[in-house]
Amino acid sequence: QSVLTQPPSASGTPGQSVAISCSGSTSNIGINYVHWYRRLPGTAPQLLIYRNDQRPSGVPDRFSGSKSGTSASLAISGLRSEDEADYYCAAWDDNLSGGVFGGGTKLTVL
Amino acid sequence: DVQLVESGGGLVQPGGSLRLACAASGLSVSSSYMSWIRQAPGKGLEWVSIIYSGGTTYYTASVKGRFTISRDKSNNSVYLQMDSLRIEDTAVYHCAREARLDNGMDVWGPGTTVTVSS
């Protein structure tokens with residue numbers, strides 16, 4: 001059972017938009033930044049969104065992040081087949097004094 | 001090129017020890033926030049430990065007292081000493097860098113595999 005809760009799966013067709021949710025608590029998302037990572041098959045995780053809504057250089061603006069209260073969301077627009085991957089949210093947890101990840105969401109592009 | 005490369009993984013019996021290394025190039029481990037993250041077979045990512053640029057360390061509850069994170073400025077490397085290994089520690093271990101505190105891990109190594117089995 002992960003500290004941050006994500007749906008195990010999400011799907012969409014090419015060109016569509018999809019949102020992945022991440023639910024936490026007042027000790028993590030409620031007071032700290034949320035970061036999002038993408039793991040393509042056979043590769044190391046990649047930072048997609050940092051500090052709730054910031055995109056690292058090189059990440060397309062099709063990817064956007066938001067946070068409200070103890071929840072966060074990753075939105076992907078203009079879905080492409082290469083977006084098929086596992087997506088993880090992460091945050092620092094003040095009660096645990098450690099980092100926490102969501103369980104991951106497997107995105108399928110139909 | 002900014003790069004992290006892990007080494008030191010392998011097969012070890014329960015109760016045994018391993019020392020993982022993470023060699024950095026193109027970045028300074030001493031001025032970064034360096035973490036270890038693992039992924040067990042069929043599971044998601046799990047944060048394991050972090051060492052701050054100032055030297056402060058934190059661990060996930062399941063490894064406290066068994067794992068120790070450290071760094072060597074001369075080798076520009078980060079280490080994870082793993083003692084009293086358990087079967088549930090079996091995973092691919094990645095090291096990763098945050099350039100600033102709570103800024104997201106923007107550089108990751110490909111990982112090294114640790115298998116704990118009798």
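Look up a bit, the structure's there.
Residues numbered from 1 in each chain as written. Chains lettered and ligands numbered in written order. Predicted model: local features only at pLDDT ≥ 70, side-chain atom pairs only at ≥ 80, totals over all residues. Heavy atoms only, no water.

What follows covers the sheet that holds strand 5 (residues 63-68) of chain A. All names here are of chain A. Within the open sheet, the three strands sit side by side as 2-6-5. Their pairing is antiparallel. Each edge of the sheet is formed by a strand with only one pairing partner; in this case those strands are strand 2 (18-23) and strand 5. Sheet twist, expressed as the mean angle between neighbouring strand axes with direction ignored, is 20 degrees. Bridge count between strand 2 and strand 6 (residues 71-76): six bridges; the pairing is antiparallel. Within strand 6, the residue paired with Ala19 across the bridge is Ala75. (Pairing = 2+ DSSP bridges. Helix = DSSP H or I, 4+ residues; strand = E, 2+ residues; numbered from the N terminus. Axes fitted to C-alpha atoms, helices over the stretch in contact; angles between N-to-C directions.)

All right, on to the packing of aromatic side chains then. The description of an aromatic ring pair uses the distance of the two centres, along with the angle that the planes make with each other. Counted by the stated rule, this structure contains six aromatic pairs over all chains. Taking 5.5 Å as the distance between ring centres and 75 degrees as the angle between the ring planes, the aromatic pair formed by Tyr37(A) and Trp108(B) counts as edge-to-face. Pair noted here: Tyr37(A) is in strand 3 (residues 34-39) and Trp108(B) is in strand 10 (residues 107-108), and the two residues belong to different chains. We note that Tyr37(A), like Trp108(B), is buried. (Phe/Tyr/Trp six-rings, centres within 6.5 Å; stacked < 30°, edge-to-face > 60°. Buried < 20%, exposed > 50% of the residue type's maximum accessible area, 1.4 Å probe, protein only.)

To continue, consider the sheet that holds strand 3 (residues 18-25) of chain B. Residues and elements named next belong to chain B. Strand order in this open sheet of four strands is 1-3-8-7, and the pairing throughout is antiparallel. With one partner strand each, in any of the chains shown, strand 1 (3-7) and strand 7 (67-72) form the two edges of the open sheet. Averaged over neighbouring strand pairs, the angle between their axes works out to 15 degrees when direction is ignored. Of the pairings in the sheet, the one linking strand 7 to strand 8 (residues 77-82) comprises six bridges and is antiparallel in character. Note that in strand 8 the partner of Thr68 across the bridge is Gln81.

The next subject is the pattern of salt bridges. All names here are of chain B. Considering all chains together, one arrives at seven salt bridges over all chains under this definition. We note a salt bridge from Asp89 to Arg38, for which the minimum N-O separation is 3.0 Å. Placement of the pair is Asp89 in the loop between strand 8 and strand 9 (91-98) and Arg38 in strand 4 (residues 33-39), with a sequence separation of 51 residues. Pair check on accessibility: Asp89 and Arg38 agree, each one buried. Here Arg66 ties to Asp89 by a salt bridge, and the two come within 2.8 Å at their closest N and O atoms. Of this pair, Arg66 sits in the loop between strand 6 (57-59) and strand 7 while Asp89 is found in the loop between strand 8 and strand 9, placing the two residues 23 residues apart along the sequence. Comparing Arg66 with Asp89 shows no difference in burial state: the two are buried. (Salt bridge = Lys/Arg side-chain N within 4 Å of Asp/Glu carboxyl O.)

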